[in-house]
Amino acid sequence: MTTTTLTPEIGRSTLPFVDPFHPDRPLNVNVYRPADHGPDDPVVIVQHGMLRNGDEYRDFWIPAAEKHRLLIAAPTFSNEHFPNAESYNNGLIVEGDGSVQPVEKWLYAVPARVLAALRNGGVTRRTKAHLFGHSAGGQFAHRLLATQSHDPFEAVAAANPGWYTLPTLQRSFPEGLGRLGLDDSAIARWFAYPMHIFAGDQDTSTDDPNLPAQAEALGQGPHRYARAHFVYDFARREAERLGLPFNWTLIRIAGVGHDGAAMSRAAAAYWFEGRIPAADELVSAEAGAL
């Protein structure tokens, strides 16, 4: 039976979720609901990194949740049911034989269905959520914007992705958006959305074993910080060439490396306080998980 309703208790909870298009791939939604959160207060959907640690990413957001009455929901895609980058970062779009899955099976539709289930559960009346993803979750978040309706999201931030899908139909997915059945209007919609790219200026390791190292990724730069600038500049030039509105923002997070906890704090402060804190406020003694 698929999940259409989520009603989290006050505090931390982990709720099972079965997506209608992936009934054999159950997932969990790790939720934090402050005691004073009301149904009209904001919802933040958080996409974890490669460690598939939605519980930790939920917890990174708890201080902000308490301060700003945020409902936090972290859909968690286990390695067991969503192995490798193809089944999470790349959205289950391309099969092992290179064929493209039907659009309804693309994993990037799951966050919107999680929001709908929270609405059905009566804990929120919000029709739009904030979406934050770090590392592998940052890959997930920006590819979601490239391929899905923007209606469920009032703000989207991709923080420190290992590499990017480029806004062009001339390169095949995941390097570009080619072969997916999308057209020029999809590129225009993506350019028009005010996507936030959060880039830690200390995320400059070139020998991180988790840094994507295929030729397409290396072509975007030697490390994550360089790749953020590459995709932003590529997109800005492409929008100018096509005469299209371009509303992306590249946000440098000074003094922060590949740290999911620090980048979560930065996004929370940016969205709900209108500021980016200094590094000594963002970085804890132990760096947050991938």
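Up top is the structure these notes are about.
Residues numbered from 1 in each chain as written. Predicted model: local features only at pLDDT ≥ 70, side-chain atom pairs only at ≥ 80, totals over all residues. Heavy atoms only, no water.

This part is about the overall build of the protein chain. In terms of regular secondary structure, the protein chain is built from 9 helices and 8 strands. With respect to the principal axes defined by its C-alpha atoms, the protein chain has extents near 50 × 45 × 35 Å. Buried positions account for 57% of the 290 residues belonging to the protein chain. Looking at the protein chain alone, contacts between residues at least 24 apart form 69% of all its contacts between residues at least 6 apart. Carbon and sulfur atoms provide 49% of the accessible area of the protein chain, an area that totals close to 11,700 Å². Averaging the coordinates of the 25 positive side-chain charges in the protein chain and doing the same for the 33 negative ones gives two points 4 Å apart. (Helix = DSSP H or I, 4+ residues; strand = E, 2+ residues; numbered from the N terminus. Buried < 20%, exposed > 50% of the residue type's maximum accessible area, 1.4 Å probe, protein only. Contact = heavy atoms within 4.5 Å. Areas by Shrake-Rupley, 256 points an atom, 1.4 Å probe, with all protein chains shown as cover. Lys, Arg positive; Asp, Glu negative; His and termini not counted. Charge placed at Lys NZ, Arg CZ, Asp CG, Glu CD.)

Okay, the nonpolar core next. Counting residues in hydrophobic clusters, the biggest one holds 54 residues, and the most contacted among them are L6, F17, F77, V114, L118 and W248. The dominant element in this core, judged by the number of residues it contributes, is helix α7 (residues 224–242), at 7 residues. (Core = buried A, V, L, I, M, F, W, Y, C linked by side-chain atoms within 4.5 Å.)

With respect to the helices and strands, N30 occurs in strand β2 (residues 27–33). Given the relative accessible area of 5%, N30 is considered buried. A distance of 2.7 Å separates polar atoms of two side chains, one belonging to N30 and the other to T14. A distance of 2.9 Å separates polar atoms of two side chains, one belonging to N30 and the other to T76. Excluding anything up to four places from it in sequence, N30 contacts S13, T14, G54, D55, R58, I72, A73, A74 and T76. (Polar contact = N/O pair within 3.5 Å; in protein donor to acceptor, adjacent residues only side chain to side chain.)

Now for the side chain of H196. On the secondary structure map, H196 appears in strand β7 (residues 196–200). Filtering out sequence-adjacent residues up to four positions away, H196 remains in contact with V156, A157, A158, T249, I251, Y270 and W271.

Right, let's talk about the environment of A35 for a bit. Among the structural elements, A35 can be located in the loop between β2 and β3 (43–47). Given a relative accessible area of 67%, A35 falls into the exposed group. Separated by 26 residues in the primary sequence, A35 and E9 place their C-alpha atoms 9.2 Å from one another.

Along its 12 residues, helix α4 (residues 136–147) runs 17 Å from first to last C-alpha, staying within 8% of the 16 Å computed at 1.5 Å per residue. Burial analysis of α4 places 12 of its 12 residues in the buried class, the great majority of the element. Where the residues of α4 are buried, they touch β3, α3 (110–120), β5 (129–134), β6 (153–159) and α5 (184–192). (Expected span 1.5 Å × (residues − 1).)

Before going further, it helps to spend a moment on unusual backbone geometry. Between F173 and P174 the backbone carries a cis peptide bond, its omega angle lying at 10°. Secondary-structure assignment places P174 in the loop between β6 and α5. One non-glycine residue, R52, lies in positive phi territory at about 60°. In this structure, R52 sits in the loop between β3 and α1 (54–60). On the accessibility criterion, R52 (11% relative accessible area) is buried. The backbone phi angle of N84 is positive, close to 70°, even though this residue is not glycine. Within the fold, N84 resides in the loop between β4 (71–76) and α3.

This part takes up the sheet that holds β6. Pairing between the strands of a sheet is mediated by backbone hydrogen bonds and can be parallel or antiparallel. Strand order across the open sheet formed by 8 strands is β1-β2-β4-β3-β5-β6-β7-β8, with mixed pairing between neighbours. Each edge of the open sheet is held by one strand with a lone partner, namely β1 (11–17) and β8 (249–253). The sheet shows a mean angle of 20° between the axes of neighbouring strands, direction not considered. Sheet topology places β3 next to β5; 4 bridges connect them, and they run parallel. Across the sheet, residue V46 finds its bridge partner in β5, namely F132. Each of β3, β5 and β6 touches α4; the most contacted strand, β5, lies at about 135° to it. Of the strands in this sheet, β3, β5, β6, β7 and β8 are in contact with helix α8 (residues 260–273), which crosses β5 at around 155°. (Pairing = 2+ DSSP bridges. Axes fitted to C-alpha atoms, helices over the stretch in contact; angles between N-to-C directions.)

Turning next to the pattern of salt bridges. Applying the stated criterion across every chain yields a total of 16 salt bridges. For E175, the salt bridge goes to R171, with nearest N and O atoms at 3.0 Å. Between E273 and R275 there is a salt bridge, and its shortest N-O distance comes to 2.7 Å. E273 sits in the partly exposed class, given a relative accessible area of 29%. (Salt bridge = Lys/Arg side-chain N within 4 Å of Asp/Glu carboxyl O.)

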